[in-house]
Every structure is written in structure tokens, then in C-alpha cells.
Amino acid sequence: MGNRQSSMPVRRRHPSGSEIRSGFSSLKRITGKNYYFENLVLEGNNVKSLAYVGALKVLDKVGILGKLKRFAGVGTSGVIASLLAADFDCDTVQRLLNEHIDNLLFVPARTPLRIRITGTLF
């Protein structure tokens, strides 16, 4: 056993009395600052992109989301980027993803395309 460190976050108390866990930023630390972000690129597809809804809510609370001008993404992240570019709010994006998650993530298997080439290439 000896000197083995725990992988659990260290818990300590903030002077205000609230609990702080190392590795997590407080919203108070990032709220009220001027951020000059204009672009949002969402990376990842399928289930990974569902985590963006929580991140978008944080960006909205901080005031960054409303200032963004351009959005990009691929796959399911592209759907989220398109909804944001169309000026949907975070709650609507979350509701739409919850309603249509099966269509976005579980595409039925398609039969492979078979091409028959006859003759010579040259």
C-alpha cells in the first residue's frame, strides 16, 4: 500500500464555504470576463458529441455562446453546430437531441455498394 496516491479529486473548502474539487473550474472564476471568441468547432461524433450540450450551457452562462459567429462540426457534432448556427438555444438543442437520438446515432446497416467493372481500363 505505502505511498500510493488516490485518483480521486482532492476536496477542500472555498472561503465562501462551498466545496471545491481540484480539476473543476468554478463558474465564478470565468464569469464576467471579456472573451473574444468568434468560432466554435465541435469535434467528435456519435455519443461523444452529446457531452457538448453541457458545455454549451456553460458557454451560455458565461456569455460566450451569444457572441459566437461561426460554427462547425462533423456528423452528430455537425447537427449541433447547425442548430446553433440557426440560433437555437441550448435547451432546444438538448430537447431535439433527446427526441432524435436514435436516428442520429443508430443508422441501420446498409448493404455495401457493389460495382462491376467489365472490359479493360486502358
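Read on for an overview of the structure. Since we're looking at a predicted model, the values are computed, not measured.

### Overview of the pairing of strand β3 (residues 39-42)
Of the two faces of β3, the one lined by Leu40 and Leu42 is fully buried and the one lined by Asn39 and Val41 carries no buried residue. Summarising the sheet, β3 and strand β4 (residues 70-73) pair through four bridges and their orientation is parallel. By the bridge assignment for β4, Asn39 is matched with Arg70. Read as a crossover between parallel neighbours, the route from β3 over helix α2 (residues 52-62) to β4 is right-handed.

### A short note on helix α3 (residues 76-85)
Along α3, seven of the ten residues are buried, which leaves the element largely enclosed by surrounding structure. Every buried residue belonging to α3 is among Thr76, Ser77, Gly78, Ile80, Ala81, Leu83 and Leu84, and all of these are buried.

### Focus: the side chain of Ser77
Along the polypeptide, Ser77 turns up in helix α3. With a relative accessible area of 0%, Ser77 lands in the buried category. For Ser77, the contacting residues outside a window of four places in its chain are Leu42, Glu43, Gly44, Asn45, Ser49 and Tyr52.

Reading guide: rules and limits
- Residues numbered from 1 in each chain as written.
- Predicted model: local features only at pLDDT ≥ 70, side-chain atom pairs only at ≥ 80, totals over all residues.
- Heavy atoms only, no water.
- Buried < 20%, exposed > 50% of the residue type's maximum accessible area, 1.4 Å probe, protein only.
- Helix = DSSP H or I, 4+ residues; strand = E, 2+ residues; numbered from the N terminus.
- Pairing = 2+ DSSP bridges.
- Right-handed = clockwise from strand over helix to strand, strands pointing away.
- Contact = heavy atoms within 4.5 Å.

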